[in-house]
There are 2 protein chains.
Amino acid sequence: MEKYLAVLKEHHFKITPRRKAVLELFLREKRYLGPYEIKQMLEKASLEVGLPSIYRILEELEGSGILVKIEHSSRRLYYSLCRNPQVSHHHFICSKCNKVEEVEFCNFSEISSFIEKKLNARVQHHSLHIEGLCSECRVENSS
Amino acid sequence: MEKYLAVLKEHHFKITPRRKAVLELFLREKRYLGPYEIKQMLEKASLEVGLPSIYRILEELEGSGILVKIEHSSRRLYYSLCRNPQVSHHHFICSKCNKVEEVEFCNFSEISSFIEKKLNARVQHHSLHIEGLCSECRVENSS
DNA sequence: GTTATAAATAGAAATCATTTCTATTTATAT
DNA sequence: ATATAAATAGAAATGATTTCTATTTATAAC
Ligand SMILES: [Mn+2]
Ligand SMILES: [Mn+2]
Ligand SMILES: [Zn+2]
Ligand SMILES: [Zn+2]
């Protein structure tokens, strides 16, 4: 937690009860979470937070590298904690339990140089969406 | 064109003037196109098509493998022609002129087996969003 | 060519996630 | 303690996408 609060300070964000509460939620949950779901979870913990505030906080946390945005096929917004923003990596999403796991691997430079050569283009960004069944859900499914 | 109409028939879709008109648009344009933009382009060609019909047609064409859906960072829907749906490949999007180019390359199996080993998970789907400047826009920019 | 049929379409309306706006409150530096 | 900019709530707006239904149309069978 301290680690993340420090990051917020670096980005000149104030440490507020709402920001802390949202952070705590993500530290506890391995699943990706959506704005409304977050609102309800905070309510259960007796903290009323307006939806616009939640949207704003999520954006700020993402901008600071603390959260990753997940573009769900439903086209709704979800977020989950990114535990290692420093190195280039990806995230594996379990389509059954919605768990998000770090994938400390990225071979994008291969595609990137293929494109730069073949298309004579300049590659700027990439994002990889990887979905499947996590170790637990995989077993459950085969029974 | 004939090739794509055949695909539609395989999928038991009727060959209608709207479907043909939408297809023609994509055959001419290298850019990705959005639903409303498509409506306007068809209007200019004197064909009135309702927005719901356009959304439906685009989904059908995507489901048939003729178009690729593009998840823009604005979170709006765009589509472009996929010229080779058979082999596993990706698409390069120019962030300046919106051109979409085929990338006949996919090294996803490396990440996939990394994940399956490291996380003991089952990988099911992946999609890669690659953005940058195409050969033309790259030059313009450096001037 | 007719006809029967399911599929396709238009247009109005609804949906609903997300964003905007503004008055009020709060964290924090001094 | 105080000043200040930042954060927040809540109401309202937005706007892309979807739903619904009556009407039209492509197509296959005759
Ligand atoms: Mn991460
Ligand atoms: Mn393609
Ligand atoms: Zn799982
Ligand atoms: Zn370009």
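Now for a look at the structure at hand. (Residues numbered from 1 in each chain as written. Chains lettered and ligands numbered in written order. Predicted model: local features only at pLDDT ≥ 70, side-chain atom pairs only at ≥ 80, totals over all residues. Heavy atoms only, no water.)

Regarding the protein's contact with DNA strand C
Then, number 1: Taken together, the neighbourhood of DNA strand C is formed by 21 residues, with Tyr-55 of chain A together with Thr-16, Arg-18, Arg-19 and Ser-53 of chain B sitting nearest.
Then, number 2: Of all DNA strand C atoms lying within 4 Å of any protein atom, the proportion belonging to sugar or phosphate reaches 73%.
Then, number 3: Tyr-55 of chain A is positioned with one of its side-chain polar atoms (N or O) 2.5 Å from a phosphate oxygen of DNA strand C.
Then, number 4: Between DNA strand C and Glu-48 of chain B, the relevant distance is 2.8 Å, taken from a phosphate oxygen to a main-chain nitrogen or oxygen of the residue.
Then, number 5: Of all the elements in the fold, those that place two or more residues in the surface near DNA strand C are α4 (51–63) of chain A together with α2 (17–28) and α4 (51–63) of chain B.
Then, number 6: Looking at which element gives the most residues to the surface near DNA strand C, the answer is α4 of chain B, with four residues.
Then, number 7: Partitioning the surface near DNA strand C into residue classes produces nine nonpolar, four polar and eight charged. (Near = heavy atom within 4 Å. Polar contact = N/O pair within 3.5 Å; in protein donor to acceptor, adjacent residues only side chain to side chain. Helix = DSSP H or I, 4+ residues; strand = E, 2+ residues; numbered from the N terminus. Nonpolar A, V, L, I, M, F, W, Y, C, P; charged D, E, K, R; others polar.)

Points about the coordination of the manganese ion (ligand 1)
Residue and element names in this part refer to chain A.
Then, number 1: Around the manganese ion (ligand 1), the protein supplies Cys-82 (SG), His-89 (NE2), His-91 (NE2) and Glu-102 (OE) as donor atoms, at distances of 2.0 to 2.3 Å.
Then, number 2: Counting gaps between the donor residues of the manganese ion (ligand 1) yields the pattern C-x6-H-x1-H-x10-E. Here the two residues His-89 and His-91 agree in accessibility, since each one is buried. (Donors = N, O, S within 2.8 Å, 3.2 Å for Na, K, Ca; no water. Buried < 20%, exposed > 50% of the residue type's maximum accessible area, 1.4 Å probe, protein only.)

Some thoughts on the interface of chain A and chain B
Then, number 1: The interface is formed by 36 residues belonging to chain A together with 36 residues belonging to chain B.
Then, number 2: Between chain A and chain B lies a buried interface of about 3500 Å² when both sides are counted; carbon and sulfur atoms form 56% of it.
Then, number 3: When the buried area of chain A at its contact with chain B is split by residue, Arg-75, Ile-111 and Leu-119 of chain A rank highest and sum to 18% of it.
Then, number 4: For the pair chain A and chain B, the number of links is two salt bridges.
Then, number 5: In this structure, the salt-bridge partner of Arg-75 of chain B is Glu-71 of chain A, at a minimum N-O distance of 3.9 Å.
Then, number 6: Across the contact surface, chain A and chain B share 18 residue pairs in polar contact (both at pLDDT 80 or more).
Then, number 7: Elements with a contribution of two residues or more to the side of chain A that touches chain B: β3 (90–94), β4 (100–103), α5 (108–118), β5 (122–133) and α6 (135–142) of chain A.
Then, number 8: Per-element accounting of the side of chain A that touches chain B gives the leading share, twelve residues, to β5 of chain A. (Contact = heavy atoms within 4.5 Å. Buried area = accessible area lost by both parts, 1.4 Å probe. Salt bridge = Lys/Arg side-chain N within 4 Å of Asp/Glu carboxyl O.)

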